[in-house]
Structure formats: C-alpha cells, structure tokens
Amino acid sequence: MKRTLARAVIYARYSTELQREASIEDQVRSCMAEINMRGLDLVKTYSDHAMSGATHLRPGYQKLLEDARAGTFDIVFSEALDRLSRDQEAIAGLFKRMTFANVKIITITEGEINELHVGLKGTMNALFIKDLAIKVHRGLEGRVRQGKLAGGLPYGYRVQRCFSDDGQPLTGLRTIDPHEASVIQHVFKMFVAGVSPRSIAKALNTEGIPAPSGGLWAETTIRGHAKRRTGILRNDNYRGKLVWNKQRFVKDPNSGKRLARSNPESSWVWQDASELRIISDVLWNKTEVMFKKIRNSADVQKAMKTRFWERRRPKHLLSGLVRCGCCEGNFVGIGRDYLACSAARRFGTCKNRNGIRRKDLETAVLNVLKNSLLSPELVAEFIRTYHQEVNQHNAEASTKADLSRKRLAKIRKQIDSIVDSIADGFKSESMKIRLEQLETERADLERLMTAPIPSTIRFHPKLPEIYQAKVERLAETLADSEIRDEANELLRGLID
C-alpha cells in the first residue's frame, strides 16, 4: 500500500522595522530544507511583506487560518514562532485552532510547538514588543532634545540635506520652505482679520494652492483641534517651539488599527527651535486672542453646554450614499434637516450650493423602492431564483454528506485496526496519538452526520402581494425607533 506524504505549508513574514524583504526568501529556504529532510509534501507557501507580527490582520496569515479550517494541510512550518505572531493572545488562539484542525506547528528555532512554547514564547514576544517600544520612545525623545524631527515633516518646512565631518548623512534636520511659509503667514493674517477657517480653506482652494496632503484644504486643516494643538493655526512649530509626545498610539485588539490617545501636557517635551520660526510672537498672540474670543462667544458656549461631541450621530437612510450631480462629490448634512454638496460648502471647489431637505430626498428614494425595485414581478423573480439556489445548495450538501459517510467508515476501520494491534501487544506512543486524532475526527463527523438537516423554506403563495403591502407602509416602519436602525441598514444595502 502506497504511503501518503503529510501535507506541509510554509509561513514567512518580515516587518519594516527589523528585516529586509529578501528575508522572506531566506525563511522559505530554511523551512524548505527541513521539509525535504523530513520527506514531506509542500503544498503551499504563505507570506506577509512589511507586516507587523503584533497584528492578526495580515492577508497571508488569515489565508493560512482559512485553509487550516478547510483541512488542506497537516503541518505548518515557520522559521520561528514570532514569525507567526508576537501577540500572546494570538499565539494561544493560533495553537488552539491548529490543534482543533489536527495541524502541527513546527518551527526551525523551537521545533514542534506545544503548550509550553505557547506560554513561554508568547510572554517573551510580548516583552520584546514592550521593550522595543520603550527604546524607540527614548530614542525619539533624544532626537527632539537635539532639535531634530522625531516624526513627519510639518507643512512649511523641507528636509535639510547635509553631512557630518566624516561624510555620514545627518538626519532629522529641516529648513523653512519659503513658498509654504508665505502660505502659512497668509492664513494667520486672514484669520486675525476675521476670516473664518472655512472661508480661508475655500480661498486657498480657489487660488489652486495644494493643501499639506497635496489635495484640497479643509476647515479642520486650518483650525485643527484645540486640546491636541493640531492644525495650521495651532502648530507651535511656526512660533519656533518644537513640541513632541502630545499623543501616543494604542492598537485596537479587535480591528488591529492604531488609535491615537492624547497625553497629559505634563508629559509633553518642548524644545526651542527659534531658527525655524515662521510666525512672529505678535501675530501668534493675536491668533490666540481670536480663538479665545470665538470660544467665549454666546453661540459656541451654548453648543459647548450640550456636549454634542459625546452624542453619537444617528446614521440616516442615505448617509454617505448621495452624490453631487455637478462634481460627484459627497452630499453631507447641513444643519439638522438638509443635505448639500461638501465640495461646495467646505472646499469651495463646486458651484452647486443648492441644498435639499433630507426627508424629501428619502421619500423620493422610498417611492422608487416601492414602485420599482419591490414590485410583485421582481419579488416573484426573487422567489424563483431563491428556489434555484436552495436546490443547488441541497445537491452540494448531499454530495458532502456522502463524502463524510465514506470518510467516517474509513476512520472506524482504522480505529478498529489500531485497537486490535494494541490488544495483540503492539503499543507505542505514536499509536496512542494517532488513535486520539482519529477518535476526535470520528466524533466531529458523527456530530455532523447526526445534525438535523435544515428544511427548505416554503413561501406563502401570495407573498408578492403581502410583501408589496408591507412595502407600502415602509415609511411608517422607519419611524419606529425600536427597529429603525436595523431597517435603515437593510435598506441602505438594497440602495447601494
């Protein structure tokens, strides 16, 4: 009887901070040598380029998990456990998922991974990340105290290229960009003269001056955030003060995204950079006075008392779905009841300043749904298509059930053969492990075979007419506060 080779896969990863892109090839080569030495069959290679091991949202890693659930391989090889993940929770979860799928994890560094590796290496990797963050933070602070940049280049400056006495390039130095500096001075002067940040942004866009991002100027680019001290008018660089550590970044454990968190002012690092001053103290102080005047105005004080930023704005039926007929830009909320072109109202790059009442537009769209998309003819077509899909699904389920029955019969024979061998005195650790694997797979298949088969949904013979009657009361349904959010999401998907 021909022996079937165990199916092996390779996972490789490099991060932008510590490694080079060629290391992917190095990792694969090392794993390939181990696979050949063991006489295994390589079926696939997974890799993630320039992706941190602290996040699980990696395409190659996610595909590895997906294929493991589908049972396409038996062993996953990697150079080291930290290539798969540096996160403690993720390592434990990976080991649990692979064990459930009867997949072994083998690394060149640690060998076959077990519970001990998961605990120890997971802790070591977590400590490594923490220690690395501390060292990077310390290094950045040192650069700031030397008057050098520790992050992105602010608008108004350009990188200064120079070399040390021994010919090595000096990094973190900057010089004033004359053109951008004149734009900054112009912005400050307009604001002090009483021009609003929104009007300043429109004026700059009309003049064709690119924003710091290279696109259009927005109101928020001008005024920024008061507490975070962002935006052109609040950037301390322009008054000759280099400030660092205003915020830190934390990683959301669910999404893997980096989120900004403000640091207390007591932890901010200030460094004099008077040679890079763009705005005079007189103009800066006038700007601060203007901000204070706006903040103390009756309208702003009234809005502040409502603490509007703490309330989550409801997602309306057409939020993010409406486009301008002139520039194809987004229509956004203007006040409480109206929608208008964002490019016209915020950027001044579109001439369409017409607004439309939100309720009128929603009514028009709902009428289209009622009279066209949800007509009895289309519902009848939906029922026909649904039955076709159900029949196809049932056929696939039947085929899958036949394969499961055959596999179950084969496993039972293998279990009986091992049990007979043990009864005859042939006993080894590998036989015990294999028996446990077969027992687990048999239990899974038996549970799958005994699960009740979902019955085919049968439609009411007059469903098109019933459905149409419900659609006629669609507007009333959306007014129900208990189901409005869910109904909105369903309709938004239909509109999209």
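Check the entry above for the structure.
Engineer: Looking at this model, I keep getting lost on the side chain of Asn235. Mind explaining?
Structural biologist: With respect to the element layout, Asn235 can be found in the loop between helix 8 (219–223) and strand 10 (241–244). What makes Asn235 buried here is its relative accessible area of 16%. Leaving out residues up to four positions away in the same chain, Asn235 has contacts with Pro154 and Trp284.

Engineer: Can you walk me through helix 7 (residues 197–206) in this structure?
Structural biologist: Each full turn of the α-helix corresponds to 3.6 residues, which orients residues three or four apart in the same direction. Within helix 7, the full set of buried residues consists of Pro197, Ile200, Ala201, Lys202, Leu204 and Asn205. Among the structural elements, helix 6 (178–192), helix 8 and helix 11 (342–347) are those in contact with the buried residues of helix 7.

Engineer: Just checking my understanding: could you explain the nonpolar core for this structure?
Structural biologist: Across soluble globular proteins, you tend to see nonpolar side chains buried next to one another. Counting residues in each nonpolar core, the largest one holds 31 residues, and the members touching the most others are Phe188, Trp217 and Tyr238. At the level of secondary structure, the elements contributing two or more residues to this core comprise helix 6, helix 7, strand 10 and helix 9 (281–295). Top element by residues in this core is helix 6. It accounts for seven residues. When near neighbours in sequence (up to four residues on either side) are disregarded, Trp217 contacts Tyr155, Val183, Ala201, Leu204, Asn205, Ile209, Pro210, Ala211, Pro212, Ile222, Ile232 and Phe347. Ranked by size, the runner-up nonpolar core spans 19 residues in total, among them Val76, Leu84, Leu94 and Ile105.

Engineer: Looking at this structure, I do not really get the layout of surface pockets. What am I missing?
Structural biologist: If you roll a probe as big as a water molecule over the atoms, it shows you where there is empty space left. Approximately 1800 Å³ is the volume attributed to the second largest pocket. Lining the second largest pocket are 42 residues, with Arg7, Asp74, Arg407, Arg434 and Glu441 sitting closest to its centre. When residues of the lining of the second largest pocket are traced back to their parent elements, those giving at least two are helix 2 (59–69), strand 3 (75–78), helix 4 (88–100), strand 4 (104–107), helix 13 (376–423) and helix 14 (429–450). Take the lining of the second largest pocket: its biggest share by element is 10 residues, from helix 14. Its residues assigned to classes, the lining of the second largest pocket comprises 19 nonpolar, eight polar and 15 charged.

Engineer: Help me understand helix 6, please; the structure alone is not making it clear to me.
Structural biologist: Between its terminal C-alpha atoms helix 6 stretches 21 Å, which fits the 21 Å expected from 15 residues at 1.5 Å a residue. For helix 6, the complete set of buried residues consists of Glu180, Ala181, Val183, Ile184, Val187, Phe188, Met190 and Phe191. Each element contacted by the buried residues of helix 6 is listed here: strand 6 (157–159), strand 9 (174–176), helix 7, helix 8 and helix 9. Where helix 6 begins, the capping side chain belongs to Asp177, and its oxygen is found 3.1 Å from the backbone nitrogen of His179. At the exit of helix 6 stands Gly194, carrying a positive phi of roughly 105°.

Engineer: Could you clarify how one ought to interpret the packing of helix 6 against helix 9 in this entry?
Structural biologist: For any two helices packed against each other, the geometry comes down to the angle between their axes and how far apart the axes lie. One way to put it is that helix 6 packs onto helix 9 with a least axis distance of 9 Å and a crossing angle of 45°. Classified by the angle between their axes, helix 6 and helix 9 sit oblique to one another. The two elements helix 6 and helix 9 meet at a crossing, and its hand is left-handed. Within the contact between the two elements, helix 6 uses Phe188, Lys189, Phe191 and Val192 and helix 9 uses Leu283, Trp284, Lys286, Thr287, Met290, Phe291 and Ile294. Among the residues making up the contact of helix 6 with helix 9, the classes are represented as eight nonpolar, one polar and two charged.

Engineer: Before we go on, may I ask you to explain the packing of aromatic side chains in this structure?
Structural biologist: The geometry of an aromatic ring pair is captured by the separation of the ring centres together with the interplanar angle, meaning the angle of the planes. Applying the stated criterion across every chain yields a total of seven aromatic pairs. Here the aromatic rings of Tyr11 and Tyr61 are separated by 6.2 Å at their centres, their planes lie at 75°, and the arrangement is edge-to-face. Placement of the pair is Tyr11 in strand 1 (residues 7–14) and Tyr61 in helix 2, with a sequence separation of 50 residues. Accessibility assignment for this pair places Tyr11 and Tyr61 in one class, buried. Plain terms: the ring middles of Tyr155 and Trp217 are 5.6 Å apart, the flat faces sit at 90° to each other, and that makes the pair edge-to-face. Note that Tyr155 is positioned in the loop between helix 5 (115–145) and strand 6 and Trp217 in the loop between helix 7 and helix 8, a separation of 62 residues in sequence. We note that Tyr155, like Trp217, is buried. Its end group placed over the ring of Tyr157, Arg174 keeps NZ or CZ at 4.6 Å from the ring centre.

Engineer: When you look at unusual backbone geometry in this model, what are you seeing that I'm missing?
Structural biologist: With the exception of glycine, the majority of residues adopt a negative phi angle, and the majority of peptide bonds are in the trans configuration. For Asn102, which is not glycine, the phi torsion reads 60° and is therefore positive. Inspection of the secondary structure assignment puts Asn102 in the loop between helix 4 and strand 4. For Arg229, which is not glycine, the phi dihedral falls at a positive 55°. Take Arg229: it is sitting in the loop between helix 8 and strand 10. On the basis of relative accessibility, which here comes to 18%, the residue Arg229 falls in the buried class.

Conventions and cut-offs
- Along every chain, residues carry numbers that run from 1 in the direction the sequence is written.
- Per-residue local features are limited, in this predicted model, to residues with pLDDT of at least 70; the limit for side-chain atom pairs, both in listing and counting, is 80 or more; totals at the level of whole chains, interfaces and linings are taken over all residues.
- Excluded from the side-chain calculation are hydrogens and water; included are all heavy atoms of the structure.
- Where helices and strands are cited, they refer to DSSP runs of H or I of at least four residues and of E of at least two residues respectively, numbered from the N terminus.
- Buried residues are those whose accessible area, probed at 1.4 Å on protein chains only, stays under 20% of the maximum for their type, while exposed residues exceed 50% and partly exposed ones sit between those limits.
- Working rule for contacts: check all heavy atoms of both residues, and any pair within 4.5 Å makes them a contact.
- The criterion is simple. A nonpolar core is a set of buried Ala, Val, Leu, Ile, Met, Phe, Trp, Tyr and Cys residues joined through side-chain atoms within 4.5 Å.
- Put plainly, a pocket is an open set of points on a 1 Å grid over the protein atoms alone with protein on both sides within 12 Å along at least five of seven lines, a cavity is a set where a 1.4 Å probe fits but cannot get out, and a lining residue has an atom within 4 Å of a point.
- Grid points are joined across faces, edges and corners, and a volume is the space filled by probe spheres set on the points.
- The nonpolar class holds Ala, Val, Leu, Ile, Met, Phe, Trp, Tyr, Cys and Pro. Asp, Glu, Lys and Arg form the charged class, and all remaining residues, Gly among them, are polar.
- Expected span of a helix, by definition, is 1.5 Å for each gap between consecutive residues, and there is one gap fewer than residues.
- Whenever a nitrogen or oxygen atom comes within 3.5 Å of another N or O atom, the pair is scored as a polar contact, on the condition that within protein one atom can donate a hydrogen and the other can accept it, and that pairs from neighbouring residues in sequence are kept only if both atoms are in side chains.
- Note on definitions: angles span 0 to 180 degrees between N-to-C directions of axes, and those axes are lines fitted to C-alpha atoms, for helices only across the stretch in contact.
- Roughly parallel here means an angle under 35 degrees, roughly antiparallel means over 145, roughly perpendicular means 65 to 115, and every remaining angle is called oblique.
- Crossing handedness is defined as follows: a turn of the near helix away from the far one that is anticlockwise and smaller than a right angle gives a left-handed crossing, while the clockwise case is right-handed.
- Within 6.5 Å between ring centres, the rings of Phe, Tyr and Trp (the latter by its six-membered ring) count as paired, and their orientation is classed by plane angle as stacked under 30 degrees, edge-to-face over 60, tilted in between.
- Charges are assigned to positions over rings by a cutoff of 6 Å between ring centre and Lys NZ or Arg CZ, combined with an angular limit of 35 degrees from the ring normal.

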